[in-house]
Amino acid sequence: MNETLILAIESSCDETSAAVIKNGSEVLSNIVASQIKSHMRFGGVVPEVASRHHVEQITQIIEAALETAGIEMADVAAVSVTEGPGLVGSLLIGVSAAKALAYAHNKPLIATNHIAGHIYANQLLGPIHFPLLALVVSGGHTELVYMPADGEFEIVGETRDDAAGEAYDKIGRVLGLPYPGGKVLDEMAHKGEDTYNFPRAMINEDNFDFSFSGLKSAVINAIHNARQKGDDLDPENVAASFQSAVVDVLVAKTIRAAKEKGIKQLLLAGGVAANKGLRQALTDAVASELPDVELIIPPLYLCGDNAAMIGAAAYTQYKAQDFASLSLNARPGLMLEK
């Protein structure tokens, strides 16, 4: 079998990453430089700071990816890069680097969707089979994506306001937790109990959309009211109650959509896929309600932003000869398209 090696670059937010992927399914290298410590003091990602870090690190990260894989640019079949969605300044660094490499080494250029990358990260664990449904949960996105075939996407449900990960980070800040607050909230939730009974927005509505803005407001109001009245507030119970509300809605909508679509596989994807409460609840629900559906949950290192997932998604585009021109630009608001 011929080997197709793709050099992938990811710089959509606050991780600079490069990877070499063989045949869309084997990771030869996946180098990730995180900027969390730089943004921690601000309580969130500062776009200008993020883009400056990408400028400083991108060349070294690409060189490390090639060296770790034991290859040179001559061995690469194509260069892929995250086109969007993401922070425009961050995206531009990766796009510029990929265009320069493609031009200098006369390689095809592949523009890859960041969300497609999160979905295809699961292909690095084993073959994916269609039709499938992907629950994508991250700081900026909460979507249910139906894939009838390789490279075809249909968004059947999405958040109408805050994404789940965004709500986690905002509540983490109100509780005074270090950035990013999602991981800490998840840990706290496992020590507390669901005592606040926060709302499960849209859980019974006849659609697959989500809404977390009202839940976020309810939690923040509960925290502020308790502080203003001098009442005791158990942060671990707040975390457990909030997480229960988020997970209940995500799992209920996902199971309903999976039953309606008649899928073979259910994939979990995105940064919030690392959440232990969500992983366990979805595992339990699929085992009891969808026994014939295979659930795939990526390991933690493939949940966050990384270039390996971009290379996995780009392989489908490579096979279809879906190449971009050197006029490629960053598209911060890019949507999934068929």
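Placed above this text is the structure.
I will try to describe carefully the structure that is included in this document. (Residues numbered from 1 in each chain as written. Predicted model: local features only at pLDDT ≥ 70, side-chain atom pairs only at ≥ 80, totals over all residues. Heavy atoms only, no water.)

A rise of 1.5 Å per residue sets the reference length of helix α7 (residues 213-229), with its 17 residues, at 24 Å; its end C-alpha atoms lie 24 Å apart and thus fit the reference within 8%. What α7 keeps buried is the set Leu215, Lys216, Val219, Ile220, Ile223 and Ala226. The buried residues of α7 occupy one face: seen down the axis, they fall within an arc of 130°. Structural note: α7 exposes Gln228 and Lys229 on the side pointing more than 90 degrees away from its buried face. Contacts made by the buried residues of α7 are with α5 (164-174) and α8 (235-261). Positioned one or two residues after α7, glycine 230 has a phi angle of 75°, which is positive. (Helix = DSSP H or I, 4+ residues; strand = E, 2+ residues; numbered from the N terminus. Expected span 1.5 Å × (residues − 1). Buried < 20%, exposed > 50% of the residue type's maximum accessible area, 1.4 Å probe, protein only. Arc of directions from axis to C-beta. Contact = heavy atoms within 4.5 Å.)

Glancing now at the packing of aromatic side chains. Per the counting criterion, the structure on display carries 5 aromatic pairs. Aromatic side chains tyrosine 168 and phenylalanine 242 sit 4.8 Å apart centroid to centroid with 70° between the ring planes, which places their arrangement in the edge-to-face category. Here tyrosine 168 is found in helix α5, whereas its partner phenylalanine 242 is found in helix α8, with 74 residues between them in sequence. When sorted by exposure, tyrosine 168 lands in the same class as phenylalanine 242, which is buried. Across the ring face of tyrosine 146, the terminal group of lysine 261 is positioned such that the distance to the ring centre comes to 4.8 Å. (Phe/Tyr/Trp six-rings, centres within 6.5 Å; stacked < 30°, edge-to-face > 60°. Lys NZ or Arg CZ within 6 Å of the ring centre and 35° of its normal.)

With that settled, consider helix α9 (residues 276-289). Counted at 1.5 Å a residue, the expected span for α9 with its 14 residues is 20 Å, and the 20 Å between its end C-alpha atoms agrees. Looking at the buried positions of α9, the neighbouring elements they touch are β6 (132-137), α6 (181-189), α8, β9 (265-269) and β10 (294-296). The distance from a side-chain oxygen at the start of α9 to the backbone nitrogen of glycine 277 is 3.0 Å, and the residue carrying that oxygen is asparagine 275. (Polar contact = N/O pair within 3.5 Å; in protein donor to acceptor, adjacent residues only side chain to side chain.)

Read across the open sheet, the 5 strands follow the order β8-β7-β6-β9-β10; overall the sheet is mixed. If you trace the sheet from one side to the other, it starts and ends with β8 (154-158) and β10, each paired once. Strand-to-strand, the axes of this sheet are offset by a mean angle of 20°, without reference to chain direction. Pairing analysis gives 3 bridges linking β9 to β10, with the strands arranged parallel. The partner of leucine 266 across the bridge, within β10, is leucine 295. (Pairing = 2+ DSSP bridges. Axes fitted to C-alpha atoms, helices over the stretch in contact; angles between N-to-C directions.)

Moving on, we get to the pairing of β9. Here β9 lies mainly inside the structure; 5 of its 5 residues are buried. Side chains Gln265, Leu267 and Ala269 project from β9 onto one buried face, and the interleaved Leu266 and Leu268 project onto a second face that is buried too. Two elements, β6 and β9, share 5 bridges in a ladder whose sense is parallel. When the bridges of β9 are listed, valine 136 appears paired with alanine 269.

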